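Analysis of the macromolecular model
Here is how the chains run, residue by residue.
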Amino acid sequence: MSKTDYDIIVVGGGHAGSEAAAAAARMGARTLLITMSLEAIGRMSCNPAIGGIGKGQIAREIDALGGLMGLATDESGIQFRMLNRSKGPAVWSPRAQCDRYMYAASIRRRLEGLPNLFMRSDMAMDLLTDETGVIGVTTQLGMNITSRAVILTNGTFMNGQIHIGDKSYGGGRMGEGASTGLTGALHRLGFESGRLKTGTPPRLDGRTIDYSLLEEQKGDEYRTPFSYMTDVLPEHQKSCWLTLTSPEVHDILRTGFERSPMFVGRIKGTGPRYCPSIEDKIDRFSEKDSHQLFLEPEGWHTDEIYVNGFSTSLPEEVQLSAIRAVPGLADVHMLRPGYAIEYDYFPPYQLRYSLETKNVSGLFFAGQINGTTGYEEAGAQGLIAGINAVQYVRGLEALILKRSQAYIGVLIDDLVAKGTDEPYRMFTSRAEHRMMLRQDNADERLTELGAEYGLVDEARLARMRARRAARRGTVKSVKKTTVKPAVVNEYLKSVGSTPIKHGERLSKLALRPEVNLENLLKISEMEGLIEHAEGLEAIVEMVEIDLKYQGYIERENELIEKMERLEGLRIPLDFNYQGTTNITIEAREKLSKIRPENLGQASRISGVSPADVSVLMILLKSGRVVKNGASES
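Heads up: these notes are all about the structure in this document. Values in this document were obtained by computation on a predicted structure and should not be read as measured data.

**Overview of the overall build of the protein chain**
The helix and strand tally for the protein chain stands at 20 helices and 22 strands. Whereas a compact globule of 633 residues would reach a radius of gyration of roughly 26 Å, the protein chain reaches 26 Å, a difference of no more than 12%. In terms of overall dimensions, the protein chain has C-alpha extents of about 80 × 75 × 50 Å along its principal axes. Residue burial in the protein chain is summarised as follows: out of 633 residues, 58% are buried. The long-range fraction of contacts in the protein chain, counting pairs at least 24 apart against all pairs at least 6 apart in sequence, stands at 73%. As presented, the protein chain carries roughly 25,600 Å² of accessible surface, and 49% of it is formed by carbon and sulfur atoms. Averaging the locations of the 77 positively and 82 negatively charged side chains of the protein chain gives two centres separated by 4 Å.

Here you go:
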């Protein structure tokens, strides 16, 4: 290929674009980030928070691979919580409220510190292609900029349309214009697009809220950082506040339904099932008298409040009347109304597992363009697209994370194998191997892999290895140490556990559900068994999980091995599914459309039955593969 202006062009400076550009630049590729506003790089366009159920695991995985999100979260965090602590460790999920402005500033500063990364304030309007694939972009300012790969991370900006009541106008975010041109360019290249919808709630002036009528929600006393490289978090935390809607609030909201762009049909795009608007909630769940609202501060040095749970596109005057009927908000001043936004997306069956498009070589999609919602899902896709764009440019094999390896692998496999016709968000329930994909072990799963691709420096790698060695060493010590009845029986009685009559291994006592290993070690004065290392979690907590769930983890490993045998059966790209008459018609159609790369991926496609998979397995193992242009003999 002839010399180009850049190796990689990344279009869009949101969470996907930032991670994509950072990954490509760290790997040594000359990278250009094109965004309509340099001031908006890394902006949290909706809620000022990172993490949550399933999402927190993804954020930790991004960090383990050397991404930006975890470090920026720890630097800008104003409250930290570990969700689901009352449940098993497989679903513990970190979440942090962030200072919106500090977060974006942290992302931009980190990007500007990468010597291979360049930025340009402009709009990509068209794609340059030739017989080999994509070769660059044309911008609004008339520049043809060439590259060897292009990553599109346009978020909600592609033909974005903002709706508030009966008003609507073009925009990708409040106060920012829509991106135009690229949808038409992609249509000319044979891509199929659709429309999705998302929304955001009003922002309130915190000085006008009566907090005495609200329930305070404090952060955790023991705070867990997001980044494995963070040792110290801000000393203080800000509280969030909880309140409830009421039948009166719902009645006021219903007065605006006849002007709701969602209910009158002006919004055609599908909205997120798991984050519905307040009008959608009271319409779908009319039997409920109230819904929770979380009032979340936007930062350290602002009184702006985000009303989580009150996303809406109703007329502004209806929004204000309804929200003033909420306890604590009777005299509130609304800084800006909530709104809905419709935008173009491109169904992800058109992607390979590398996030490269099937239609055009060297063109990658990441983020909401693929039908996802959420900063974490976007950042994860951007990171993988950045890595694989560089691998493509260098003629090397793509990085494809397995479902058993990372939530990121689950995310991408779900998108490509199953597709989505509504905004996709991650939950722990989507990961069948979630005990293996815990938030505390993301570095052990992924950091060495990140180092192989040039994403992780020696300091991070050394820290992970030291923590892993400390955990393993502590497990060995606990397994070989015996404790006497006189030492532990009082503690065992205090937690409702049966006292012991003879000396017992600490590891065996730790298997009891009611026994806490850390307390057990303190009671027996054996804290010295814990090996220490710089890093994130208390080693003892990871050791306790290793001991208590050892049998479960071993069974999971057996299931993973079986699945990986299926993943090892590659399917030729020119496999003629339509000519394979002994699988169902639905399976033929789905397989022809998605074109899975191996049998494991084929087995997860909706509409492909176990019987269909068995037929494919027999054909692949026997070598009797039906190619395009042939029929089954």
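**So, the nonpolar core**
Ranked by internal contacts, the top residues of the largest apolar core, which has 117 residues, are Ile-8, Leu-152, Leu-363 and Ile-408. The element contributing the most residues to this core is helix H9 (residues 375-393), with ten residues. If sequence neighbours within four positions are ignored, Leu-363 has contacts with Leu-127, Val-134, Val-150, Leu-152, Leu-186, Phe-191, Leu-355, Glu-356 and Thr-357. Counting 23 residues, the second largest nonpolar core, distinct from the first, contains Ile-282, Leu-295, Val-318 and Ile-323.

**Focus: the pattern of salt bridges**
In the structure shown here, the tally under the stated rule is 36 salt bridges. When the shortest N-O distance is used, the salt bridge between Glu-377 and Lys-55 registers 2.9 Å. Here Lys-55 lies in helix H2 (residues 55-64) and Glu-377 lies in helix H9, a separation of 322 residues in the sequence. Lys-55 carries the same exposure label as Glu-377, and that label is buried.

**Side note on the sheet that holds strand S15 (residues 240-244)**
Pairing is antiparallel across the open sheet formed by six strands, whose spatial order is S14-S15-S16-S17-S13-S18. Among the strands making up the open sheet, the edge pair consists of strand S14 (215-217) and strand S18 (334-336). Across the sheet, the axes of successive neighbouring strands diverge by a mean angle of 35 degrees, strand direction being ignored.

**Thoughts on the side chain of Thr-35**
Relative to the assigned elements, Thr-35 resides in strand S2 (residues 31-35). What Thr-35 contacts, discounting residues up to four positions off in sequence, is Gly-12, Gly-13, Ile-41, Arg-120, Ser-121 and Asp-122.

**Things to note about the state of the cysteines**
One covalent bond between the sulfur atoms of two cysteine residues makes up a disulfide. According to the stated counting rule, one finds zero disulfides in the structure shown. Sulfur of Cys-98: no disulfide; nearest cysteine sulfur belongs to Cys-240 and is 11 Å away.

**Overview of the sheet that holds strand S4 (residues 77-83)**
Taken together, the three strands give an open sheet; going across it, the order is S3-S5-S4, and neighbouring strands pair in antiparallel fashion. For this open sheet the edge positions go to strand S3 (49-51) and S4, each flanked by a neighbour on one side alone. Taken over all neighbouring pairs, the strand axes of this sheet differ in orientation by 15 degrees on average, direction set aside. Bridge count between S3 and strand S5 (residues 93-98): three bridges; the pairing is antiparallel. Across the sheet, residue Gly-51 finds its bridge partner in S5, namely Arg-95. Sheet strands touched by helix H3 (residues 69-76): S3, S4 and S5. Its angle to S4, the strand with the most contacts, is close to 115 degrees.

**Regarding the packing of H2 against H9**
Packed helices, taken two at a time, are described by their axes: the angle between them and the distance between them. Interaxial distance between H2 and H9 falls to 9 Å at its minimum, and their mutual angle equals 30 degrees. By the angle between their axes, H2 is roughly parallel relative to H9. Handedness of the H2/H9 crossing: left-handed. Of H9, the residues touching H2 (which contributes Lys-55, Ile-58, Ala-59 and Ile-62) are Glu-376, Glu-377, Gly-379, Ala-380 and Leu-383. Counted by class, the contact of H2 with H9 contains five nonpolar, one polar and three charged residues.

**Considering unusual backbone geometry**
With a phi close to 55 degrees, Asn-159 is a non-glycine residue in the positive phi region. Looking at where Asn-159 falls in the secondary structure, it is placed in the loop between strand S9 (144-152) and strand S10 (161-164). Exposure remark for Asn-159: the relative accessible area of 30% places this residue in the partly exposed category. Despite not being glycine, Arg-595 shows a phi value in the positive range, around 50 degrees. If you trace the backbone, Arg-595 turns up in the loop between helix H18 (585-594) and helix H19 (599-603).

**Remarks on the environment of Met-435**
Relative to the helices and strands, Met-435 is located in the loop between helix H10 (407-418) and helix H11 (442-452). Note: C-alpha distance between Met-435 and Ile-384 (51 residues apart in sequence) is 23 Å. Excluding anything up to four places from it in sequence, Met-435 contacts Pro-89, Ala-90, Tyr-549, Tyr-552 and Ile-553.

**Some points on the packing of aromatic side chains**
One pass over the structure, following the stated rule, counts seven aromatic pairs. Look at Phe-346 and Phe-365: their rings are 5.8 Å apart centre to centre, the planes differ by 55 degrees, and that puts the pair in the tilted class. Of this pair, Phe-346 sits in the loop between strand S19 (339-345) and strand S20 (363-365) while Phe-365 is found in strand S20, placing the two residues 19 residues apart along the sequence. Overall, Phe-346 belongs to the buried group, its relative accessible area being 0%. Within the aromatic cluster, the residues linked to one another by ring pairs are Phe-191, Phe-346 and Phe-365.

Reading guide: rules and limits
- Residues numbered from 1 in each chain as written.
- Predicted model: local features only at pLDDT ≥ 70, side-chain atom pairs only at ≥ 80, totals over all residues.
- Heavy atoms only, no water.
- Helix = DSSP H or I, 4+ residues; strand = E, 2+ residues; numbered from the N terminus.
- Rg over C-alpha atoms; globule rule 2.2 N^0.38 Å.
- Buried < 20%, exposed > 50% of the residue type's maximum accessible area, 1.4 Å probe, protein only.
- Contact = heavy atoms within 4.5 Å.
- Areas by Shrake-Rupley, 256 points an atom, 1.4 Å probe, with all protein chains shown as cover.
- Lys, Arg positive; Asp, Glu negative; His and termini not counted.
- Charge placed at Lys NZ, Arg CZ, Asp CG, Glu CD.
- Core = buried A, V, L, I, M, F, W, Y, C linked by side-chain atoms within 4.5 Å.
- Salt bridge = Lys/Arg side-chain N within 4 Å of Asp/Glu carboxyl O.
- Pairing = 2+ DSSP bridges.
- Axes fitted to C-alpha atoms, helices over the stretch in contact; angles between N-to-C directions.
- Disulfide = S-S within 2.5 Å.
- Parallel < 35°, antiparallel > 145°, perpendicular 65-115°, else oblique.
- Left-handed = near helix turned anticlockwise from the far one by under 90°.
- Nonpolar A, V, L, I, M, F, W, Y, C, P; charged D, E, K, R; others polar.
- Phe/Tyr/Trp six-rings, centres within 6.5 Å; stacked < 30°, edge-to-face > 60°.

Geometric descriptors of this kind do not, in isolation, establish any biological role.
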